[in-house]
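Per-entry structural report
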Amino acid sequence: MRLPHTGTGIISSTAPPLANPTPHARFLCEVAACHAALGLPKDYGLTRQLPLQTPPAFWIEDGIDLHGRPIRLAPETSRAFRALVDAAREAGFVPVVVSSYRSLAHQARLVKQAVDRGQSLEGVLRRIAPPGFSEHHTGRAVDLSVAGEAEPLTEAFEETGFYHWLERQAARFGFSLSYPRNNRAGFIYEPWHWAYRADPTA
Ligand SMILES: [Zn+2]
């Protein structure tokens, strides 16, 4: 079986601790701990063939998102996104970032909150990636809305002028839609979720 990207997908919470764990090994341990806390099997990512989404060495803070939090993106992504936003503004749109970099703990909290509201874990994980497998961990992904949009993070975003502009222009800045309809990852259609792919090391 061919595994996408660099992640092994094999996560063990029972492996002996390493004397000097690399950042990657530490990340795997943290993913395993998050999965155990959520009651997820440790091979969840492997069985769904999800690529492990590792964090950047550091991120850049530039601007504030819809919730008043700093927008955090990997350095190359941050520069490319700034250029995209400037061009969108010139075209008359006011882009709004709903979410950017997310930590494992943040991702685990989103999953747990949805489950606590009474939704099945399986259903939740089609909308919210399990910790370790969200593109938001990489600092290359943004969830986008536009000023005046009634309800962000709904399919209605695809009817906005800004979405149509993104469809035509985002690739110029290295961004593309990650989860179109019927995507291989098995996630719901997310017209709001765009990721920078021009620099795989970002
Ligand atoms: Zn997203």
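For the structure itself, look to the data block above.
Residues numbered from 1 in each chain as written. Predicted model: local features only at pLDDT ≥ 70, side-chain atom pairs only at ≥ 80, totals over all residues. Heavy atoms only, no water.

Here we come to the packing of helix 1 (residues 23-38) against helix 4 (residues 104-116). Helix 4 packs onto helix 1 with a crossing angle of 15° between their chain directions and a minimal axis gap of 10 Å. With respect to helix 4, the axis of helix 1 lies roughly parallel. Between helix 1 and helix 4 lies a crossing whose hand is right-handed. Together, F27, E30, V31, C34 and L38 of helix 1 and L104, A108, V111 and K112 of helix 4 make up the contact between the two elements. Taken together, the residues of the contact of helix 1 with helix 4 sort by class into seven nonpolar, no polar and two charged. (Axes fitted to C-alpha atoms, helices over the stretch in contact; angles between N-to-C directions. Helix = DSSP H or I, 4+ residues; strand = E, 2+ residues; numbered from the N terminus. Parallel < 35°, antiparallel > 145°, perpendicular 65-115°, else oblique. Left-handed = near helix turned anticlockwise from the far one by under 90°. Contact = heavy atoms within 4.5 Å. Nonpolar A, V, L, I, M, F, W, Y, C, P; charged D, E, K, R; others polar.)

Counting 24 residues, the largest nonpolar core has F81, L144, L166, F175 and W194 as its most contacted members. Broken down by element, this core gets its largest block of residues, six residues, from helix 3 (residues 75-90). With residues near it in sequence (within four places) discarded, L144 still touches F81, V96, V97, V98, F157, F162, L166, W192 and W194. One finds V31, L125, F133 and F187 within the second-largest nonpolar core, a separate group that totals 20 residues. (Core = buried A, V, L, I, M, F, W, Y, C linked by side-chain atoms within 4.5 Å. Buried < 20%, exposed > 50% of the residue type's maximum accessible area, 1.4 Å probe, protein only.)

This part covers the packing of helix 3 against helix 6 (residues 161-169). Direction vectors running N to C along helix 3 and helix 6 enclose 125°, while the axes themselves pass 11 Å from each other. Considered as vectors, helix 3 and helix 6 are oriented oblique to each other. Considering only the axes of helix 3 and helix 6, their crossing is right-handed. For the pair formed by helix 3 and helix 6, the contact residues are L84, A87 and A88 on the first element and F162, W165 and L166 on the second.

Purely spatial values, then, with no claim about function.
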